[in-house]
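Listed here are the chains, written in short residue letters.
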Amino acid sequence: SEVDKSIDELNSAIDGLVYKEADYTKVDEMITKANALDKNMYKDFSGVEEALANVVYDLDITHQEEVNAMAKAIEDAINALEYKDADYSKVNDAVTKANGLNKDLYKDFSAVEKALEAVNPDLDITQQEEVDAMAKAIEDAIRALEYKDADYSAVEKAKEKVPADLSIYTEESVKALNDALAGV
């Protein structure tokens, strides 16, 4: 019958319906974003790698929520990344060097103290240039230090005690005195 034939054709057409593919636009955007990152800059990149490995293609629109969840998993893993700490070895060396100096021997130690106070110990690898600049500032301040002039007042007082007439002393003792005076 004509009706049965129409029903068969309709059922066949219904059975032949094919779902659209799921929309992977957001997944592809997140993959591109993840692949653009330098994994060596981060403490732990494994969460991103795992989210990328869990992407399954060729799902149809009935699985769009799963596809959206894949994109969100990649995005969340990217957002959870933490940069590695900056390398402070040069700063630490400069600080150790500065702390080993006796500030009382220098005319003005304030530039070194200011450079030490300016150290920010909490920068990450993206701010390495700033960290290196801190080390340079300390080193530059140390290089610019000038020693205080020596205090010769005690020497001058001692010189005043030298007798005016050395003729009454032995040649050997006078030579020792003159050698001591020459060394000052």
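Per chain, residues are indexed from 1 in the order of the written sequence. Selection of residues for local features in this predicted model requires a pLDDT of at least 70, selection of side-chain atom pairs for listing and counting requires 80 or more, and totals for whole chains, interfaces and linings are taken over all residues. In computing side-chain properties, one takes all heavy atoms of the structure into account and sets aside hydrogens as well as water.

(A) Representation of the packing of aromatic side chains in the model. When the centres of two rings from Phe, Tyr and Trp lie within 6.5 Å, Trp using its six-membered ring, the rings pair. Their planes under 30 degrees apart give stacked, over 60 give edge-to-face, and anything left gives tilted. The full count for this structure, using the stated rule, is 5 aromatic pairs. The interplanar angle of 35° and the centroid separation of 6.0 Å between the aromatic rings of Tyr42 and Phe45 together place this pair among those described as tilted. Comparing Tyr42 with Phe45 shows no difference in burial state: the two are buried. Between Tyr42 and Tyr83, the aromatic rings sit 4.9 Å apart at their centres with planes inclined by 20°, giving stacked as the arrangement. Note that Tyr42 is positioned in the loop between helix 2 (25–35) and helix 3 (46–53) and Tyr83 in the loop between helix 4 (64–79) and helix 5 (89–99), a separation of 41 residues in sequence. Each residue is assigned to one of three classes by its accessible area relative to the maximum for its type, calculated with a 1.4 Å probe on protein chains only: buried under 20%, partly exposed between the two thresholds, exposed over 50%. Secondary structure is summarised from DSSP: a helix means a run of H or I of at least four residues, a strand means a run of E of at least two, and numbering begins at the N terminus for each.

(B) Here's a closer look at the environment of Asp76. Looking at the element boundaries, Asp76 is found in helix 4. Sequence separation between Asp76 and Met41 is 35 residues; the distance between their C-alpha atoms is 17 Å.

(C) Broad picture of the packing of helix 6 (residues 110–117) against helix 7 (residues 128–143). To get an axis, fit a line to the C-alpha atoms, keeping to the stretch in contact for a helix; angles then go from 0 to 180 degrees between the N-to-C directions. Packing of helix 6 against helix 7 brings their axes to within 8 Å, and their N-to-C directions diverge by 170°. Taken together, the axis directions place helix 6 and helix 7 in an arrangement best described as roughly antiparallel. Within the contact between the two elements, helix 6 uses Ala111, Val112, Ala115 and Leu116 and helix 7 uses Ala137, Ile138, Ala141 and Ile142. Any residue that is not Ala, Val, Leu, Ile, Met, Phe, Trp, Tyr, Cys, Pro, Asp, Glu, Lys or Arg is counted as polar, Gly included; the first ten are nonpolar and the last four charged. Here the contact of helix 6 with helix 7 is built from residues that sort into 8 nonpolar, no polar and no charged. Every angle not falling under 35 degrees, over 145, or within 65 to 115 is termed oblique; those three ranges are roughly parallel, roughly antiparallel and roughly perpendicular. Contacts are assigned to residue pairs that have any heavy atoms within 4.5 Å of one another.

(D) Structural context of the pattern of salt bridges. Only one rule defines a salt bridge in this text: a Lys or Arg side-chain nitrogen within 4 Å of an Asp or Glu carboxyl oxygen. The tally for this structure, following the rule as stated, stands at 11 salt bridges. The salt bridge involving Lys107 is made with Glu146; its shortest N-O contact spans 3.5 Å. Placement of Lys107 in the loop between helix 5 and helix 6 and of Glu146 in the loop between helix 7 and helix 8 (153–160) is noted, with a sequence separation of 39 residues between them. Lys107 gets classed as partly exposed once you look at its relative accessible area, which sits at 48%. The partner of Glu139 in a salt bridge is Arg143, and the shortest N-O contact between them spans 4.0 Å.

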